[in-house]
Amino acid sequence: MSKIRYPLSINQATTRKQWTLRQAIEGYARHDVRGIAVWRDKLDECGVDEAARLLSDHGMAVTGLCRGGMFPAADKAGLQAAIDDNLRAVDEAVAIGAQCLVLVCGGLPDESKDIVGARAMIRDGIAAIAPHARAAGMPLAIEPLHPMYAADRACINSMEQANDLCDELGAGVGIAVDVYHVWWDPYLKREIDRAAKADPQRLLAFHICDWLSPTTDILVDRGMMGDGVIDITEFRSMMEDVGYEGYAEVEIFSTRWWNTDPDEVVVTCIERHQSVC
Ligand code: ZN
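A brief structural summary. (Residues numbered from 1 in each chain as written. Predicted model: local features only at pLDDT ≥ 70, side-chain atom pairs only at ≥ 80, totals over all residues. Heavy atoms only, no water.)

Along the protein, the regular secondary structure elements total eleven helices and eight strands. Taken over the C-alpha trace, the protein has a radius of gyration of 18 Å; the compact-globule value for 277 residues is 19 Å, and the two agree within 12%. Counting all 277 residues of the protein, 54% fall into the buried class. Counting only contacts in the protein whose residues sit at least 6 apart along the sequence, the fraction spanning at least 24 positions is 79%. When the accessible surface of the protein is split by element, carbon and sulfur atoms take 51% of a total near 11600 Å². Computing the positive centroid from 27 side-chain charges and the negative centroid from 43, the protein places the two 1 Å apart. (Helix = DSSP H or I, 4+ residues; strand = E, 2+ residues; numbered from the N terminus. Rg over C-alpha atoms; globule rule 2.2 N^0.38 Å. Buried < 20%, exposed > 50% of the residue type's maximum accessible area, 1.4 Å probe, protein only. Contact = heavy atoms within 4.5 Å. Areas by Shrake-Rupley, 256 points an atom, 1.4 Å probe, with all protein chains shown as cover. Lys, Arg positive; Asp, Glu negative; His and termini not counted. Charge placed at Lys NZ, Arg CZ, Asp CG, Glu CD.)

With that settled, consider the nonpolar core. Counting 83 residues, the largest nonpolar core has Ile36, Ile126, Leu140 and Ile142 as the members making the most contacts within it. Ranked by residues supplied to this core, first place goes to helix 5 (residues 115-136) with six residues. Apart from the residues lying within four places of it in its own chain, the contact partners of isoleucine 126 are Phe71, Leu103, Cys105, Leu140, Ile142, Leu165, Leu169 and Val173. If you look at the next biggest cluster of nonpolar residues, it comprises eleven residues, including Cys66, Cys100, Ala141 and Ala205. (Core = buried A, V, L, I, M, F, W, Y, C linked by side-chain atoms within 4.5 Å.)

The next thing to look at is the environment of proline 214. Residue placement: proline 214 occurs in the loop between strand 7 (203-208) and helix 9 (232-241). Residue classification places proline 214 among the exposed residues on the basis of a relative accessible area of 65%. Sequence spacing of proline 214 and leucine 8 is 206 residues, and the spatial spacing of their C-alpha atoms is 27 Å.

Here the focus is the packing of helix 1 (residues 21-30) against helix 3 (residues 48-57). Axis separation between helix 1 and helix 3 bottoms out at 10 Å; the angle between their running directions is 5 degrees. Looking at the two axes, helix 1 sits roughly parallel to helix 3. Taking contact as the criterion, the partners of Leu21, Arg22 and Ile25 in helix 1 are, on helix 3, Glu50, Ala51, Arg53, Leu54 and Leu55. Here the residues of the contact of helix 1 with helix 3 sort into five nonpolar, no polar and three charged. (Axes fitted to C-alpha atoms, helices over the stretch in contact; angles between N-to-C directions. Parallel < 35°, antiparallel > 145°, perpendicular 65-115°, else oblique. Nonpolar A, V, L, I, M, F, W, Y, C, P; charged D, E, K, R; others polar.)

Surrounding the zinc ion are the protein donor atoms Glu143 (OE), Asp178 (OD), His207 (ND1) and Glu251 (OE), at 2.0 to 2.2 Å. For the zinc ion, the four donor atoms are set out with angles of 87 to 154 degrees between them, so the coordination reads as irregular. (Donors = N, O, S within 2.8 Å, 3.2 Å for Na, K, Ca; no water. Tetrahedral: all angles 85-135°; square planar, octahedral: opposite > 155°, others 65-115°.)

With that settled, consider the environment of aspartate 217. Note on placement: aspartate 217 falls in the loop between strand 7 and helix 9. According to the relative accessible area criterion, aspartate 217 is partly exposed, its value standing at 32%. Of the polar contacts made by the side chain of aspartate 217, one reaches the backbone nitrogen of leucine 219; its length is 2.8 Å. Separated by 3.0 Å, the side chain of aspartate 217 and the backbone nitrogen of valine 220 make a polar contact. (Polar contact = N/O pair within 3.5 Å; in protein donor to acceptor, adjacent residues only side chain to side chain.)

Per the counting criterion, the structure on display carries 25 salt bridges. Between arginine 16 and aspartate 41 there is a salt bridge, with its nearest N and O atoms 2.6 Å apart. Separated by 25 residues along the polypeptide, arginine 16 in the loop between strand 1 (8-11) and helix 1 and aspartate 41 in helix 2 (residues 40-46) bring together distant segments of the chain. What makes aspartate 41 partly exposed here is its relative accessible area of 40%. In this structure, the salt-bridge partner of glutamate 191 is arginine 190, at a minimum N-O distance of 3.1 Å. Residue glutamate 191 is classed as buried on the basis of its relative accessible area of 2%. Owing to a relative accessible area of 42%, arginine 190 belongs among the partly exposed residues under this scheme. Linked by salt bridges that have partners in common, Glu160, Asp164, Asp167, Arg190, Glu191, Arg194 and Arg202 make up one network. (Salt bridge = Lys/Arg side-chain N within 4 Å of Asp/Glu carboxyl O.)

Here we come to the packing of helix 4 (residues 76-95) against helix 5. The interhelical angle for the contact between helix 4 and helix 5, taken along N-to-C directions, is 30 degrees, at an axis separation of 10 Å. Classified by the interaxial angle, the pair formed by helix 4 and helix 5 is roughly parallel. In this structure, helix 4 meets helix 5 at a crossing whose hand is right-handed. Facing Leu79, Ile83, Asn86, Leu87, Val90, Asp91 and Val94 of helix 4, the residues of helix 5 in contact are Met121, Gly125, Ala128, Ile129, His132, Ala133 and Ala136. A breakdown of the residues in the contact of helix 4 with helix 5 according to their chemical character gives ten nonpolar, three polar and one charged. (Left-handed = near helix turned anticlockwise from the far one by under 90°.)

Here helix 3 has its buried residues at Ala51, Leu54 and Leu55. Each buried residue of helix 3 sits inside an arc of 100 degrees when the element is viewed along its axis, so together they form one side. Exposed side of helix 3, more than 90 degrees from the buried face: Asp49, Ser56 and Asp57 are the residues found there. Buried residues along helix 3 sit in contact with helix 1, strand 2 (35-39), helix 2 and strand 3 (61-69). Of the residues one or two after helix 3, glycine 59 is the one with positive phi, at around 65 degrees. (Arc of directions from axis to C-beta.)

Okay, here's the thing in structure tokens:
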């Protein structure tokens, strides 16, 4: 088996409590990590032009802008607001040279029990922004989220659903594969193969962290690679086997790691990336 180690990127959510965007760019670069995924609230705080300059000065690849999506809404005005916000997100992603705009697609609107309807709103929302994204050359990365987030964050929960959406929506729409969200899926390998076969550009990002057992909080108890139950080496080889050529992006939402010295977090990411991934 080949031993390509995907270059390391760190999603700034991993150090979001400790560092601003400027500090994260400088901090990752200090440890020679030259990939970063950026969050829009942090980008907004920094300013898009300033961020673009900092990213370029530090030679950072931007492996994604987080996040677009959140399409379902209770009424027409809400749906349109979501589309408008996503169009702005596409422009921001272009401005900082992101490799993709990550879509956390959205859950159920308030008071709704209509998950089928919510999924239709997601499809229609992505279809509404896809022409602009395509024209701007910005790939849209649907990120299937673990089913425990179906109600409030994303009711696209499996690689199969994401592939179905990509098939329907066409070029320029792909998938962000996050080990945390899809490691449990019995059809994982089949769907990774399917994605690459349908479109060699479909696999847009590879997010890594670990699933702690037991998990004590569904939002902020993600593990550092190697501390949990996901066979990340095996997962990586599935991505390698189909020719994925991007970065491995560490994305850890964790109270524990947010309460750790951020330089130590980065060093640990680098070590685990080398030993586990
Ligand atoms: Zn992710």
